[in-house]
Every structure is written in C-alpha cells, then in structure tokens.
Amino acid sequence: MPYVDRQNRICGFLDIEENESSGRFLRRYFILDTQQGSLLWYMDNPQNLPAGADIMGSLKLTYISKVSDATKLRPKAEFCFVINAGMRKFYLQANDQQDLVEWISVLNKATKITVPKPGDVHAETPQEVLGAMKQVSYKMEIIGGVPIITATQEQGEGQNGADRGGLKRGQNQLPYFLSRGTQDQTVVKAGYCVKQGALMKNWKRRYFMLDENAVSYYKSELEREALRVIPLKEIYKVQECKQSDLMMRDNLFEMVTSTRTFYVQSDSPEDMHSWIKAISGAIVAQRGPGRSANTIRQARRLSSPCFQRYSPFCSGECSTE
C-alpha cells in the first residue's frame, strides 16, 4: 500500500512497463513528491541503495492528464492501471485491488490543476529542479510531446533488474524450492523485508518466512537454505521499533531475543503491523496450552490476507525457511 514517509512523500512498490508495449513489468520503488511536482521511481527504496544511486525514471505531474484502471486494456496484467501523459501511456501493476484503488486516487489527486493564489507562486530554482540529478547522467526524450527523463546507464539492470522483476506479484509468494527439513512445518506468513546486519549494520533485502516454530530469512524466495533461523521460543518481544527516528527508517519493527535485537523494515505500515501480529500470534500459539490446528489458523489469520492468494504454490502445507 502507498504510505507517507518522513518527508511527507507518498511511497511504495509498483511494477512498471518501462519499455512501452514490451509486456515486461519490472518492480520499482515509487516516490510521489507533490512538493517537487514529480513522480520518481528507483530500483529499490533509496534508503537501501548506495548514496547517490541513480533514479530509474521520473515524470512531471503537470504532464499527467489522467490515471485510470487498465485491467480491461491489459487483461493478462493483474491489478493494472495506466498513467496518461500526452501520447505516452505508462502501464503499472499494483500489489492488490486496494493498492490499485489507492494509487489511482492519490495520483489523480496530486495531478489536479489548481489556480494558485497571488503570492503563493513558487518559482523553482535550477538547483531545486536538478535536485538529485547532480553528478548523475540522464537523458531527456520527447515522447508524444511529453519530456521523459530517464537514467542513461541502467546499472545492475542485468542481474539485479531481473531479480527485482522476479519479486513482482509475490511479496508474500512462497518459494518454489523448500529444504527437506522444513516440509512438515506450516507457513503462517512469508514475504520480503529489509533487515539490518549484525556487524556491518548495513541493510539488505531478505525473504522472510514465519512458521509455527521459527522466523527464518533467505537471500531470496528461490533459496533452499535459510541464512538464519530464529526459534520463536527465543523471541520474547516483537514491536514497532522505538528507535526508528534515530535510524530514519519507516515501517521498522524489532524482534528482541536474549542475544540480539533484529531490526526489520517492511514495505508499508500495513505490512509492518501484519508481521508483528503474525509473529506475536505464532508465539502465543506455540506457548499456549497445546498447539492445536485452530491456534495455528488463528495466527495465520493475523497475517496479511494477500498471503492466502499465493497459498496454492504450497497446497497449504509449505514450510519455512
């Protein structure tokens, strides 16, 4: 879901058809900056990218005439909507129906033409217009009378771009390959989050899985072996992180164990609260009187409903990492 970050910008992940009519959608992190009047997209959340990382593309809000549902125009692209900018159409995919409705609403609201009152007009300086473009190579193309700014060098588009595209529909999709030792576990919730490293304190995107016994994380959803398994019996507190202001991270929660505190960043506030409720519910189910099937199902209901859409991959009996 789109959310408002600390700079009062609307942010979130979407899939975009960057090359018109290619049919290939790539996962990107979008920032709707109404103050600067731009829609920007990156390979990932800029907080997780190196300082000065290139933007993948940008579009001035003044060139957007309409944003609308495009599911009938692109029946094979689930939750698809279109941004009309002159003669160019940008097709994007949301994560679910609610995400689709909210993005269409915020984009149409941001592009409404309003007449400023006298004295309220703000003339942008060249420094403000260039902003993050300093020392970065860009190209401007006039497509259908609309200026489109894109990075001239799409670094990492080869392997990393393909990996991002692979994340597409399934923020909560289960892995195709599961290690033999995890096949008897019931998956409660799964999806991508960003976690802080123990030593270098850097942030990396990992695929998390919660089952009735542990929270595990993998390098990607296709990996067989978990990078780490955190037994639920070792977790005594799961909550929204109180140090998020110090870390300047949105949607941050923490899992506290006796040996370490794990800091995990979700893609949206809803996803963060869903993880907190799901992990807390799984802990209660494990430590309560008898782990019946009902208690496990109750824990699963606390997780995101989006997860249920991908359960056919595992026939309801998939495992954790």
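Preceding this paragraph is the structure being described.
Residues numbered from 1 in each chain as written. Predicted model: local features only at pLDDT ≥ 70, side-chain atom pairs only at ≥ 80, totals over all residues. Heavy atoms only, no water.

Quick word on the sheet that holds strand E15 (residues 235-240)
Consideration 1: Strand order in the open sheet formed by 7 strands is E14-E13-E12-E11-E17-E16-E15, and the pairing between neighbours is antiparallel. Each edge of the open sheet carries a strand with a single partner, namely strand E14 (228-231) and E15. Direction aside, neighbouring strands of the sheet carry axes that sit 30 degrees apart on average.
Consideration 2: In the sheet, E15 pairs with strand E16 (residues 252-257) via 5 bridges, with the strands oriented antiparallel. Following the sheet pairing, Glu240 is matched in E16 by Phe253. (Pairing = 2+ DSSP bridges. Helix = DSSP H or I, 4+ residues; strand = E, 2+ residues; numbered from the N terminus. Axes fitted to C-alpha atoms, helices over the stretch in contact; angles between N-to-C directions.)

Considering the side chain of Thr111
Consideration 1: Topologically, Thr111 is positioned in the loop between helix H1 (97-110) and helix H2 (126-130).
Consideration 2: The exposure class assigned to Thr111 is buried, which follows from its relative accessible area of 14%.
Consideration 3: Within the structure, the side chain of Thr111 is placed 3.2 Å from the backbone oxygen of Asn108, a separation counted as a polar contact.
Consideration 4: With residues up to four places along the chain from it excluded, the contact list for Thr111 reads Leu61 and Ile64. (Buried < 20%, exposed > 50% of the residue type's maximum accessible area, 1.4 Å probe, protein only. Polar contact = N/O pair within 3.5 Å; in protein donor to acceptor, adjacent residues only side chain to side chain. Contact = heavy atoms within 4.5 Å.)

Looking at the pattern of salt bridges
Opposite charge on two side chains permits them to pair, given that their charged atoms come into close proximity.
Consideration 1: In this structure the tally under the stated criterion is 9 salt bridges.
Consideration 2: Salt-bridge contacts for Arg74 lead to Glu17; the nearest nitrogen and oxygen are separated by 3.1 Å. Of this pair, Arg74 sits in the loop between strand E6 (66-69) and strand E7 (80-85) while Glu17 sits in the loop between strand E2 (10-16) and strand E3 (26-33), and the two are 57 residues apart along the sequence.
Consideration 3: Judged by relative accessible area, which is 1%, Glu17 ranks as buried.
Consideration 4: For Arg205, the salt bridge is made with Asp267, and the minimal N-O distance between the two is 3.3 Å. Within this pair, whereas Arg205 is found in strand E12 (residues 203-211), its partner Asp267 is found in the loop between strand E17 (261-265) and helix H5 (269-287), the two being separated by 62 residues in sequence.
Consideration 5: Owing to a relative accessible area of 14%, Asp267 belongs among the buried residues under this scheme. (Salt bridge = Lys/Arg side-chain N within 4 Å of Asp/Glu carboxyl O.)

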